[in-house]
Amino acid sequence: MNYLKLQRRPEVLNRLQFSRSTLYKKIEQGLWPKPISLGSRAVAWISTENEQVLAAMIAGQSQEEIKQLVKTLEDKRKQVKGVL
């Protein structure tokens, strides 16, 4: 069985070398997936989503292409939620 690996904010920031404010600005702009709430004060990101968006950035995809990728990834979460 495949389990999702969740990454907490410090791990995401370290991997991307972004500041916290830059990460949240990218989320607001639709250029990075929204975090998943783990509780009242804890969030995490799905590692495979992070890797896909990072790969798109490295490949030089446009902001519009990355926004579409992020939207697709977030839409897939809803499908998984419906299965569980």
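Up top is the structure these notes are about.
Residues numbered from 1 in each chain as written. Predicted model: local features only at pLDDT ≥ 70, side-chain atom pairs only at ≥ 80, totals over all residues. Heavy atoms only, no water.

Chemist: Where do I start with the overall build of the protein chain in this structure?
Modeler: When you go through the protein chain residue by residue, the secondary structure sums to four helices and three strands. The order of α-helices and β-strands along the protein chain, N terminus first, is β-α-α-β-β-α-α. The C-alpha atoms of the protein chain give a radius of gyration of 13 Å, which matches the 12 Å a tight globule of 84 residues would have. Looking at the protein chain residue by residue over its 84 residues, the buried ones come to 30%. A separation of at least 24 residues holds for 50% of the contacts in the protein chain among residues at least 6 apart in sequence. When the accessible surface of the protein chain is split by element, carbon and sulfur atoms take 53% of a total near 6,100 Å². Of the charged side chains in the protein chain, 15 are positive and 8 negative; the average position of the first set lies 7 Å away from that of the second. (Helix = DSSP H or I, 4+ residues; strand = E, 2+ residues; numbered from the N terminus. Rg over C-alpha atoms; globule rule 2.2 N^0.38 Å. Buried < 20%, exposed > 50% of the residue type's maximum accessible area, 1.4 Å probe, protein only. Contact = heavy atoms within 4.5 Å. Areas by Shrake-Rupley, 256 points an atom, 1.4 Å probe, with all protein chains shown as cover. Lys, Arg positive; Asp, Glu negative; His and termini not counted. Charge placed at Lys NZ, Arg CZ, Asp CG, Glu CD.)

Chemist: Is there a simple way to think about the side chain of serine 47 in this case?
Modeler: Examined against the element boundaries, serine 47 turns out to sit in helix H3 (residues 47-58). According to the relative accessible area criterion, serine 47 is buried, its value standing at 13%. The residues touching serine 47, leaving out its near neighbours within four places in the chain, are Lys5 and Gln7.

Chemist: Even after reading the chapter, I still don't get the sheet that holds strand E2 (residues 36-37), so can you show me in this structure?
Modeler: Backbone hydrogen bonds hold the strands of a sheet together, and the pairing may be parallel or antiparallel. Pairing within the open sheet is antiparallel, and its three strands lie in the order E1-E3-E2. Each edge of the open sheet carries a strand with a single partner, namely strand E1 (6-8) and E2. Sitting on the sheet, H3 touches E1 and strand E3 (43-46), and the angle it makes with E3 is about 60°. (Pairing = 2+ DSSP bridges. Axes fitted to C-alpha atoms, helices over the stretch in contact; angles between N-to-C directions.)

Chemist: Looking at this structure, I do not really get the side chain of lysine 26. What am I missing?
Modeler: Note that lysine 26 resides in helix H2 (residues 20-29). Here lysine 26 is in contact with Phe18, Leu31, Trp32 and Met57, once residues within four sequence places are set aside.

Chemist: Can you help me understand the packing of helix H1 (residues 9-16) against H2 in this one?
Modeler: For any two helices packed against each other, the geometry comes down to the angle between their axes and how far apart the axes lie. In the contact formed by H1 and H2, the axes pass within 10 Å of each other and the chain directions differ by 95°. Classified by the angle between their axes, H1 and H2 sit roughly perpendicular to one another. In this structure, H1 contributes Arg9, Val12, Leu13 and Leu16 to the contact, and H2 contributes Arg20, Leu23 and Tyr24. For the contact of H1 with H2, the class distribution of residues is five nonpolar, no polar and two charged. (Parallel < 35°, antiparallel > 145°, perpendicular 65-115°, else oblique. Nonpolar A, V, L, I, M, F, W, Y, C, P; charged D, E, K, R; others polar.)

Chemist: Before we go on, may I ask you to explain unusual backbone geometry in this structure?
Modeler: Negative phi is the rule for most residues except glycine; trans is the rule for most peptide bonds. One non-glycine residue, glutamine 17, lies in the positive phi region at around 60°. Following the sequence through the fold, glutamine 17 ends up in the loop between H1 and H2.

Chemist: For this particular structure, what's the right way to read the pattern of salt bridges?
Modeler: Side chains that carry opposite charge are capable of pairing whenever their charged atoms lie near each other. Applying the stated rule across the entire model yields six salt bridges. The salt bridge involving lysine 67 is made with glutamate 64; its shortest N-O contact spans 3.7 Å. Linking lysine 67 with glutamate 64, this pair stays in helix H4 (residues 63-83), spanning three residues, or about one helical turn. Residue class for lysine 67 comes out partly exposed when judged on its relative accessible area of 30%. The residue lysine 71 makes a salt bridge to aspartate 75 at a minimum N-O spacing of 3.0 Å. Of this pair, lysine 71 and aspartate 75 are both found in helix H4, four residues apart, which corresponds to roughly one turn of the helix. (Salt bridge = Lys/Arg side-chain N within 4 Å of Asp/Glu carboxyl O.)

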